[in-house]
Amino acid sequence: MLISMWKKLALVGLTATALVATAAEKPNVVIVATGGTIAGAGASTANSAVYQSAKVKVDQLIVAVPELTNVANVRGEQIFAIGSESFTNDRLLELGKRISALSKQADVDGIVITHGTDTLEETAYFLNLTVHTDKPIVVVGSMRPSTAMSADGVLNLYDAVVVAGSPDAKGKGVLVTMNDQIDSGRDITKAVNIKTSAFSSQWGPLGMVVEGKNYWFRAPVKRHTTQSEFDIDKINQLAPVEIVYAYGNVPPTLYEAAAAGGAKAIIHAGVGNGGMGKWLVPTLQNIRQQGVQIIRAARVPNGIVIRNADQPDDKYDWVVAHDLNPQKARILASIALTQTNSSQELQRIFWEY
Ligand code: ASP
């Protein structure tokens, strides 16, 4: 009887110690909210596609998921309240600088950014390229507004906080948690709209997060965050870079308009292997001779552009976007062209990042 009481006391003691230790050891995660569908609200629970984004403030999001406090000490910051289609270069710079500042704070172990899904891949890649930290930064969104039946934002947010607070997520670059997957911010793209399985990575996810536990299967090999030569703290303006989407019969005037508008580079969202109709070639050569960089990307989902295949890039002094889709190529070129205007340097950067 006495023994069992001691046992009981020991158990109670252990439990109490464990609880105290857990509370003290919980990671500090800051949720920086920008808006999007994860903060969206519709007129009824049946509205999964017709709703207004960026309606719910970050503190309400946190209160709505009490489970977050089991896994982290969470606090929120509302930096913007916009749909991600309204992200501009200035917003990217403002967000990046704030994330960089937070990542330098000793009382911050990880950062979650709630974001609309439409341009989430651009922001995630931008941060991956420019924020110098090995602390986990996780970008998250949802496909259904918070008011909808079977809203996906709650679990996505919980997963994001779990990953952001995990020491095993350190040094892997900026991550995205959607639909139980952990993806690299470099690779991920919105591949389907409407469905909750909207996001995919050409080279596969890095891992899964299930019931608050991470399962890792691979790590990024391209340069990011702490190994990047680009530093958000030193970038105050991005270079103007425009995308022109190619199709049969695309007129050269679209490229000329981009150059006349002051673009330092034009991303050619080309057919097949970054290809183009032969009537475009003289125009693009001419634009290059004016000093504007020509970067051949592919409009094909999961495309890779091979240098000197389809077009003689060496001869024309053009650059290829490697496996980056046109919108990610724009992000990389906008950053890289703040530091160089050499096409060789630009090509090296496209291989390495
Ligand atoms: N238009 C919304 C946005 O990107 C869509 C979403 O979040 O899913 O902000």
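Relevant structure appears above.
Residues numbered from 1 in each chain as written. Predicted model: local features only at pLDDT ≥ 70, side-chain atom pairs only at ≥ 80, totals over all residues. Heavy atoms only, no water.

A. Spatial organisation of the site of the ligand. In the neighbourhood of the ligand, the contacting residues comprise Gly36, Thr37, Gly83, Ser84, Glu85, Gly116, Thr117, Asp118 and Ser142. Between the ligand and Asp118 there is a distance of 2.8 Å, counted from a nitrogen atom to a side-chain nitrogen or oxygen. For the ligand, whose accessible area on its own is 260 Å², the fraction buried by protein is 90%. In a pocket analysis with a 2 Å cut-off to the grid points, the ligand is assigned to the second largest pocket. Class assignment for the residues of the shell around the ligand results in no nonpolar, seven polar and two charged. (Near = heavy atom within 4 Å. Polar contact = N/O pair within 3.5 Å; in protein donor to acceptor, adjacent residues only side chain to side chain. Areas by Shrake-Rupley, 256 points an atom, 1.4 Å probe, with all protein chains shown as cover. 1 Å grid on protein atoms, 1.4 Å probe; cavity = no way out; pocket = protein on both sides within 12 Å on 5 of 7 lines; lining within 4 Å. Sits in = over half its atoms within 2 Å of the grid points. Nonpolar A, V, L, I, M, F, W, Y, C, P; charged D, E, K, R; others polar.)

B. Layout of the sheet that holds strand S11 (residues 241–245). With respect to topology, four strands assemble into an open sheet ordered S11-S12-S13-S14, the strand pairing being parallel. The open sheet has two edge strands with one neighbour each: S11 and strand S14 (319–320). Bridge analysis of strand S13 (residues 293–298) against S14 gives two bridges, and the strand direction is parallel. By the bridge assignment, Ile295 is partnered in S14 with Val319. Against the sheet, helix H10 (residues 326–336) makes contact with S11, strand S12 (265–270) and S13, and its axis sits at roughly 160° relative to S11, the strand it touches most. (Pairing = 2+ DSSP bridges. Helix = DSSP H or I, 4+ residues; strand = E, 2+ residues; numbered from the N terminus. Contact = heavy atoms within 4.5 Å. Axes fitted to C-alpha atoms, helices over the stretch in contact; angles between N-to-C directions.)

C. Structural view of unusual backbone geometry. Although it is not a glycine, Ala54 adopts a positive phi angle of roughly 60°. By the secondary structure assignment, Ala54 is in the loop between strand S1 (28–35) and helix H2 (58–64). Under the relative-accessibility criterion, Ala54 is labelled buried at 13%. At Asp317, a position not held by glycine, the phi torsion is positive, near 65°. As for its position among the elements, Asp317 is in the loop between helix H9 (313–316) and S14. (Buried < 20%, exposed > 50% of the residue type's maximum accessible area, 1.4 Å probe, protein only.)

From the geometry alone we can't say anything about function, so treat these as descriptive.
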